[in-house]
Amino acid sequence: MALHLDDNIQFLSGVGPKKAALYQKLNIETVRDLLYYFPRSYIDLTSPCLIADAPAWEVCAIRARIVAKSAPQYVRKGLTISKVKVADDSGSMMITFFNAKFMVDALKYDEEYLFYGKLGGSPAKKEMSAPSVYPASLPSAFIPVYPLTQGLSSKMIASNIQQALQLLDEDLDDPLPQSLRQKYQLCHLHFALKNIHLPDDRESAEIARRRLVFEELLMLSLSLRSVRNDTFAQTSYLCQKTDLTPFLQQLPFELTGAQKRAIEQVCADLQKSTPMNRLVQGDVGSGKTMVAAAASYVAFQNGYMSALMAPTEILAQQHYQGLSKLLAPLGMRLALLCGSMTAKEKRDVKERISLGMVDLVIGTHALISEDVDLPNLALVVTDEQHRFGVAQRSKLSEKSDHPHTLVMSATPIPRTLALMIYGDLDVSSIDELPPNRRPVKTYVIDSKIKQRAYSFLRDHLDRKLQGYIVCPLVEAMENSPANLQNAQEYADTLARGPFAEYQLGVLHGKMRPKDKERIMDAFVRGEIQLLVSTTVIEVGVDVPNAVIMMVENAERFGLSQLHQLRGRVGRGAEQSYCILVSDNKNPDTKERLDVLHRTNDGFKVAEYDLKVRGPGDFLGKRQHGLPQLKIADLSSNMDILMQAQQAAAELHESTSLTEHERTLLQQAISRILRSVGDQLN
Ligand code: ADP
Ligand code: MG
């Protein structure tokens, strides 16, 4: 009986309950899971060296026969050494094994084996110690190496996989339709699975890999497409060309060239019958909010409603206040919807919305989680998009019939990731800061000279300017390292000492939303001069009168995060400062923090972060809402990604698929969606 991909691996011999439990830790339960557990690399035994030619001190494979074995030597408790002499036509050498008596006993005189290991000794007298040993006739000369996990060795996994492959039904269903495989020259799934694990040669392994990478990226594209506003739809919210003069006249400043360009692009999108799908990328402080404001004004002039979703209540509040000032005089009616509002307040807002009495609704997740109807919703703007998962954004879009979408981000996303997350999105870059901005001066200091920093701060507060101090912790916690500052105690200490004469405020994520709002309002109005806070103020907060940002235990934060924090100052015409306090002596840390001293450019900071932390960590799985990729690598499989995206679009529109092919595709998509279930809900 042939094995099927959906069969449980317990049908394989040697997989008892104990091993099954270990496999389960790797999320391997079915034959499919097992066969989609890919080797990390291969040991190449295809072209073994002659002993005479084997390069000294390098890892290589030797094909040789056993000519002599010495009796195992007992060295001390727990260490037995066995020596074996092997030879080929070019010469001979000694191989040493440690604690491998059984293995050595099993080696047969005069029989050939493959030995894979590092060469030692001298050119005249070569040696190898503790190599891996393989029979000379192997099912494949590439030995797969699997990521090691506790309790399961690469060899055990390999042997289970080999067995599964032998039993696997050759006619297994391939989720990639035949027509698609033909067009993109992809091998059949059976060939791919066989050759990714036990390739006949390098080329077959490559063919298998390409097909599996393609499959993974295609399924990902299709699944994202299924949760995303589908881009081929027609929007019902076509906008007419709109005169922006009243909006521009209302602004207290002249827009930068980059802002004007972005707004022009957005306006052009809004006049098209396909929904806009645009990302506005620009460093902190580049004025992205104005693009959103202009877009919502255009929608308003066309009789439509817009929604703006922000990741935190503080930011939603601030957008509400700032945009009301700008847009209300133009006749627009704004509303705020946050989770912390009372049931009655929410009911009122929802009612106004449903009666068509709101032109721009601003809110947090509440916009999607609350049972709000958003009739006539033509434009969905997501601020600081990286804070939201793919599905959260699409849920907001689902509240209407193919609305236009605009996402705004200060986090530069590698192009590949952006493509993956948004599909065929257009990008507007705001690569210019408003004029009269002086670059923030950044200094890294140690706490010995903190008193001087305090006095510097006081000088600025005396000039009616404001500042922030950010601490890594909210309050003192058990087990937290003694040197870590917490916002609550820190503020108390300042209030009793160096800042006794000043108005201090404390802000952190554990406070009730109403209290946060109260503190933030007081800070905006200037009643609080110095705000001691956690990173809740990281995103978006805009108080141009604040000019000093001091960060305690700066080594605890990521560079991009520090750059975001720094972006809270330098928003007005005054010279601003960012003071990073760190007593960490690690040279890598110093070097890292120094990057901020050297540059104010968010892209450069992100680049450095990317280099040091790698793309996996860069956006964090949570933040971009993508599943863990098993085989594709977004930093190097760009060409396959493009093809997979094209194929996804074609499949999406295809009318020639059979019912069976459709079902198989649908099942593959559901599997992906299930695997990221928590992120996509
Ligand atoms: P971002 O969201 O891109 O970080 P904001 O939209 O919050 O930036 O804008 C930062 C600050 O710059 C705000 O105080 C805003 O009013 C101001 N601003 C925006 N555009 C301009 C401009 N063209 N000239 C002067 N100030 C501007
Ligand atoms: Mg912003």
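One can find the structure itself at the top, above this paragraph.
Everything in this summary refers to the structure shown in the same document. This is a predicted model, so every value here is computed, not measured.

## Section: the overall build of the protein chain
So, point 1. Helices and strands together make up the secondary structure of the protein chain, namely 24 helices and 22 strands.
So, point 2. Counting only C-alpha atoms and orienting by the principal axes, one finds that the protein chain spans roughly 95 × 70 × 45 Å.
So, point 3. Taking all 681 residues of the protein chain together, 53% fall into the buried category.
So, point 4. Within the protein chain, contacts between residues separated by at least 24 positions form 74% of all contacts whose residues are at least 6 apart in sequence.
So, point 5. Across the protein chain, the 78 positively charged side chains and the 79 negatively charged ones have centroids separated by 5 Å.

## Section: the pattern of salt bridges
So, point 1. A complete count under the given rule lists 24 salt bridges for this structure.
So, point 2. For arginine 181, the salt bridge goes to aspartate 174, with nearest N and O atoms at 3.2 Å. Like arginine 181, the residue aspartate 174 is buried in the burial classification.
So, point 3. One salt-bridge network, held together by shared partners, links Asp174, Arg181, Arg211 and Glu215.

## Re the environment of serine 560
So, point 1. You can see serine 560 is positioned in helix H19 (residues 559-566).
So, point 2. C-alpha of serine 560 to C-alpha of leucine 596: the two residues are 36 residues apart in sequence and 9.5 Å apart in space.

## What to know about the pairing of strand E6 (residues 112-121)
So, point 1. Direction of pairing for strand E2 (residues 59-69) relative to E6: antiparallel, over a ladder of seven bridges. If you follow cysteine 60 over to E6, its bridge partner there is glycine 117.
So, point 2. By the bridge criterion, four bridges tie E6 to strand E8 (residues 132-135) in an arrangement that is antiparallel. Its bridge partner lying in E8, leucine 114 is registered against tyrosine 134.

## Focus: the packing of aromatic side chains
So, point 1. Under the criterion given, the structure shown has twelve aromatic pairs.
So, point 2. The interplanar angle of 65° and the centroid separation of 5.8 Å between the aromatic rings of phenylalanine 499 and tyrosine 502 together place this pair among those described as edge-to-face. Both residues of the pair, phenylalanine 499 and tyrosine 502, count as buried.
So, point 3. Site record: aromatic cluster; members linked through ring pairs are Phe247, Tyr297 and Phe300.
So, point 4. Note that lysine 69 overlies the ring of tyrosine 109, its terminal NZ or CZ placed 5.4 Å from the centroid.
So, point 5. Positioned above the aromatic ring of phenylalanine 499 is the side chain of arginine 458, whose terminal nitrogen or guanidinium carbon lies 5.8 Å from the ring centre.

## Some details on unusual backbone geometry
So, point 1. The residue asparagine 27 is not glycine, and still its phi comes out positive at about 60°.
So, point 2. One can find asparagine 27 in the loop between helix H1 (17-25) and helix H2 (31-35).
So, point 3. Accessibility expressed as a relative area gives 63% for asparagine 27, which makes it exposed.
So, point 4. With a phi close to 65°, lysine 464 is a non-glycine residue in the positive phi region.

## Remarks on H19
So, point 1. Counting buried positions along H19 yields six of eight residues, so the element is predominantly enclosed.
So, point 2. Those residues of H19 lying buried are Leu559, Leu562, His563, Gln564, Leu565 and Arg566.

## Brief notes about the sheet that holds strand E17 (residues 441-445)
So, point 1. Strand order in this open sheet of six strands is E17-E22-E21-E18-E20-E19, and the pairing throughout is parallel. Each edge of the open sheet carries a strand with a single partner, namely E17 and strand E19 (504-507). Taken over all neighbouring pairs, the strand axes of this sheet differ in orientation by 15° on average, direction set aside.
So, point 2. In the sheet, E19 pairs with strand E20 (residues 530-533) via four bridges, with the strands oriented parallel. In the strand pairing of E20, leucine 504 is matched with leucine 530.
So, point 3. The sheet contacts of helix H16 (residues 450-462) involve E17, strand E18 (466-470), E20, strand E21 (546-551) and strand E22 (577-581), and relative to E21 the element is tilted by about 160°.
So, point 4. On top of the sheet, helix H18 (residues 513-524) reaches E18, E19, E20 and E21; it is set at about 140° to E19, its chief contact.

## Considering the site of ligand 1
So, point 1. Taken together, 16 residues lie near ligand 1, and Gly285, Lys288, Thr289, Arg437 and Asp542 sit nearest.
So, point 2. Contact between ligand 1 and arginine 571: an oxygen atom at 3.2 Å from a side-chain N or O atom of the residue.
So, point 3. Out of a free accessible area of 570 Å², ligand 1 has 87% covered by protein chains.
So, point 4. Residue classes in the shell around ligand 1 are distributed as four nonpolar, six polar and six charged.

## Side note on the side chain of threonine 235
So, point 1. As for its position among the elements, threonine 235 is in the loop between helix H7 (202-227) and helix H8 (245-250).
So, point 2. When its relative accessible area of 9% is taken as the criterion, threonine 235 is described as buried.
So, point 3. Among the polar contacts made by the side chain of threonine 235, one reaches the main-chain amide nitrogen of tyrosine 237 at a distance of 3.0 Å.
So, point 4. Side-chain polar atoms of threonine 235 contact the backbone oxygen of histidine 402, separated by 2.8 Å.
So, point 5. Setting aside residues up to four positions removed in sequence, threonine 235 forms contacts with Lys272, Ser273, Thr274, Pro275, Asp401, His402, Pro403 and His404.

Rules and cut-offs
Residues numbered from 1 in each chain as written. Chains lettered and ligands numbered in written order. Predicted model: local features only at pLDDT ≥ 70, side-chain atom pairs only at ≥ 80, totals over all residues. Heavy atoms only, no water. Helix = DSSP H or I, 4+ residues; strand = E, 2+ residues; numbered from the N terminus. Buried < 20%, exposed > 50% of the residue type's maximum accessible area, 1.4 Å probe, protein only. Contact = heavy atoms within 4.5 Å. Lys, Arg positive; Asp, Glu negative; His and termini not counted. Charge placed at Lys NZ, Arg CZ, Asp CG, Glu CD. Salt bridge = Lys/Arg side-chain N within 4 Å of Asp/Glu carboxyl O. Pairing = 2+ DSSP bridges. Phe/Tyr/Trp six-rings, centres within 6.5 Å; stacked < 30°, edge-to-face > 60°. Lys NZ or Arg CZ within 6 Å of the ring centre and 35° of its normal. Axes fitted to C-alpha atoms, helices over the stretch in contact; angles between N-to-C directions. Near = heavy atom within 4 Å. Polar contact = N/O pair within 3.5 Å; in protein donor to acceptor, adjacent residues only side chain to side chain. Areas by Shrake-Rupley, 256 points an atom, 1.4 Å probe, with all protein chains shown as cover. Nonpolar A, V, L, I, M, F, W, Y, C, P; charged D, E, K, R; others polar.

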